[in-house]
Amino acid sequence: MNSRAHQVAVFEVIKETVDAVTLVLDVPQAVREKFTYSPGQFLTLRIPSDQDCRDGSVARCYSLSSSPHTDDRPAVTVKRTAGGYASNWICDNVAVDTVLTVLEPSGSFVPRSLDADVLLCAAGSGITPVVSIAKSVLTAGSGDVALFYANRDRDSVIFAGVLGDLAARFPGRLTVAEWLEEEHGLPGSADIAALVRPFADRDAYICGPTGFTAAAHAALAQLDVPLSRIRNEEYRSLEISPFDGPEASVTPPGAGRSAAPGAHTATIEFEGETYDIDWPKNVPLLDVLLAKGLDVPYVCRESACGTCVCSVRSGRTRMLLNESLIDDELDRGLTLACQTVPETDGVHIAFDQD
Ligand SMILES: Cc1cc2nc3c(=O)[nH]c(=O)nc-3n(C[C@H](O)[C@H](O)[C@H](O)COP(=O)(O)OP(=O)(O)OC[C@H]3O[C@@H](n4cnc5c(N)ncnc54)[C@H](O)[C@@H]3O)c2cc1C
C-alpha cells in the first residue's frame, strides 16, 4: 500500500444538493500534519469495487472544498456522475464514521498569492477547489475574486449559500457571473469571454469537465490571456490506482554508475537520499523509480495532477506530455516524473523542493 495512504473517518456528511454531498473528514491527530493543504488541492479516495481492478478498489480524486484558512477540518464535495461508479457509491454509502482510505493532499491548482486578484471559472462540481480558493483569498488575503459559475439549473448549484455569504461579508471583493444551462444552453467560449472580459488581466483558474475547460480556455485565448497565467483542473477519473505503491524492493542508494545499453545514467535525490540509476531512454522517470521500489509521490500518471513534480538540476530531459506545469515553473526546471524521459547522461533530479 502507498505510504501516503491513511485511514480517515468521516466526521459529517452534508447534503449540498439533490446529487452532491460534502464529506467532512476527521483526520487522526497522528497524521494531521501530513494533511496540511493549500486551497485548490485535492485528496484521492480509495473506493471499494468488485469491478475489474487490481486490489478490489478504484481510486478517484476529489478537490478539497474546505479552506485551510476558514475550516477546522478538511472536506471534499462529491457530485453524482450519471452512470459513474465511485461518485454514486460515495453518495449512496458514505455516512458519519465511515472510514475511508485517503492519500495525502496534492495538486498544483493553487493560487500564486492570496493577495493577487483572481479570475475563477467553474462548472458543476468544478466549484469545489474554486470555492476553497475564493474563501482563502477573501478571508486570508487581500485579492478580489471574480467567478464565472455554470450549472445545469438552479437546484444543482453547489455552495450557493456559501457564495452569498461571502458576497455579503466582503462587499465589492467578490463578483459572481452565474450561468444556468436550462436558460441559456451550454456556455460557449464567446459567452464566457463576454462575461470575464473585465477580469482578463488576472491569473485565471479553470475547473470542471472536459468540455467546459476547453470552452473556458478558448474564451481566455480570445481575450489574449497568456497560458502562463492559466491553471487548469480537468475532472476525469483515474485509469490507474496510486494506492498500490511501489512495485519492487528498494535499490540501495549509490548503486553502480555504468549505464545499461539504451539507458542514460542519472542521479535522483529523494527524501534526503541520493540514488544513482540507469534510466532507459524512453521510460518515464516515475516508472523507473517505482520499479526500483522508491515510494515517490504520484496520483494520475497522466501529467494532469502535478503530484510527481520534481526539479531538473542538471542534464537534459523532455516531457512526453504536460497538462499541469505552467511556463514559469518549466523555466525554473520543474518537470513531471510521470512524463519525463532522459536526453543526456548525468541528469540530476531532486524531488525534495528547497
Ligand atoms: C484533480 C481532480 C479533482 C476532482 N475533484 C472532484 C470534486 O471535487 N468533485 C467531484 O464530484 N468530482 C471531482 N473529480 C472527478 C472525480 O474524480 C471522478 O472522475 C468523478 O466522480 C466520476 O467518477 P465515477 O467513478 O463516478 O465515474 P466513472 O465510473 O469513472 O465514469 C465516468 C463517466 O464515464 C462513463 N463510463 C464509465 N465506464 C465506461 C465505459 N466502460 N464505457 C463508456 N463510458 C463509461 C460513465 O457513464 C460516466 O459518465 C475530480 C477529478 C480530478 C482529476
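Please refer to the structure higher up on the page.
Everything quoted here is computed from the prediction, not taken from an experiment. (Residues numbered from 1 in each chain as written. Predicted model: local features only at pLDDT ≥ 70, side-chain atom pairs only at ≥ 80, totals over all residues. Heavy atoms only, no water.)

Peer 1: I'd like a rundown of the pattern of salt bridges, residues and numbers included.
Peer 2: Working definition: two side chains of opposite charge can pair if their charged atoms are close together. This structure, assessed with the given rule, holds 16 salt bridges. Close ionic contact of R73 with D26 constitutes a salt bridge, the shortest N to O distance being 3.4 Å. Highlighted residues: R73 in the loop between β4 (57-63) and β5 (75-79) and D26 in strand β2 (residues 20-26), separated in sequence by 47 residues. The salt bridge involving D92 is made with R80; its shortest N-O contact spans 2.7 Å. Here D92 is found in helix α1 (residues 86-93), whereas its partner R80 is found in the loop between β5 and α1, with 12 residues between them in sequence. D92 gets classed as exposed once you look at its relative accessible area, which sits at 53%. By relative accessible area, R80 is classed as partly exposed at 30%. Here the residues in one salt-bridge network are E234, R236, E302 and E323, joined through shared partners. (Salt bridge = Lys/Arg side-chain N within 4 Å of Asp/Glu carboxyl O. Helix = DSSP H or I, 4+ residues; strand = E, 2+ residues; numbered from the N terminus. Buried < 20%, exposed > 50% of the residue type's maximum accessible area, 1.4 Å probe, protein only.)

Peer 1: Report on the packing of aromatic side chains, specifying residues and quantitative values.
Peer 2: Inspection of every chain in the model, using the stated rule, returns four aromatic pairs. Aromatic side chains F109 and Y205 sit 5.8 Å apart centroid to centroid with 85° between the ring planes, which places their arrangement in the edge-to-face category. Residue F109 is located in the loop between β6 (99-106) and β7 (118-123), and its partner Y205 is located in strand β10 (residues 203-208); the two are separated by 96 residues in the primary sequence. Looking at F109, the relative accessible area reads 1%, which means it is buried. Accessibility expressed as a relative area gives 3% for Y205, which makes it buried. Ring plane angle 80° and centroid distance 5.7 Å describe the contact between F270 and F351, whose orientation is recorded as edge-to-face. Here F270, found in strand β12 (residues 263-270), pairs with F351, found in the segment after β18 (347-350); they are 81 residues apart in sequence, far enough to count as distant. (Phe/Tyr/Trp six-rings, centres within 6.5 Å; stacked < 30°, edge-to-face > 60°.)

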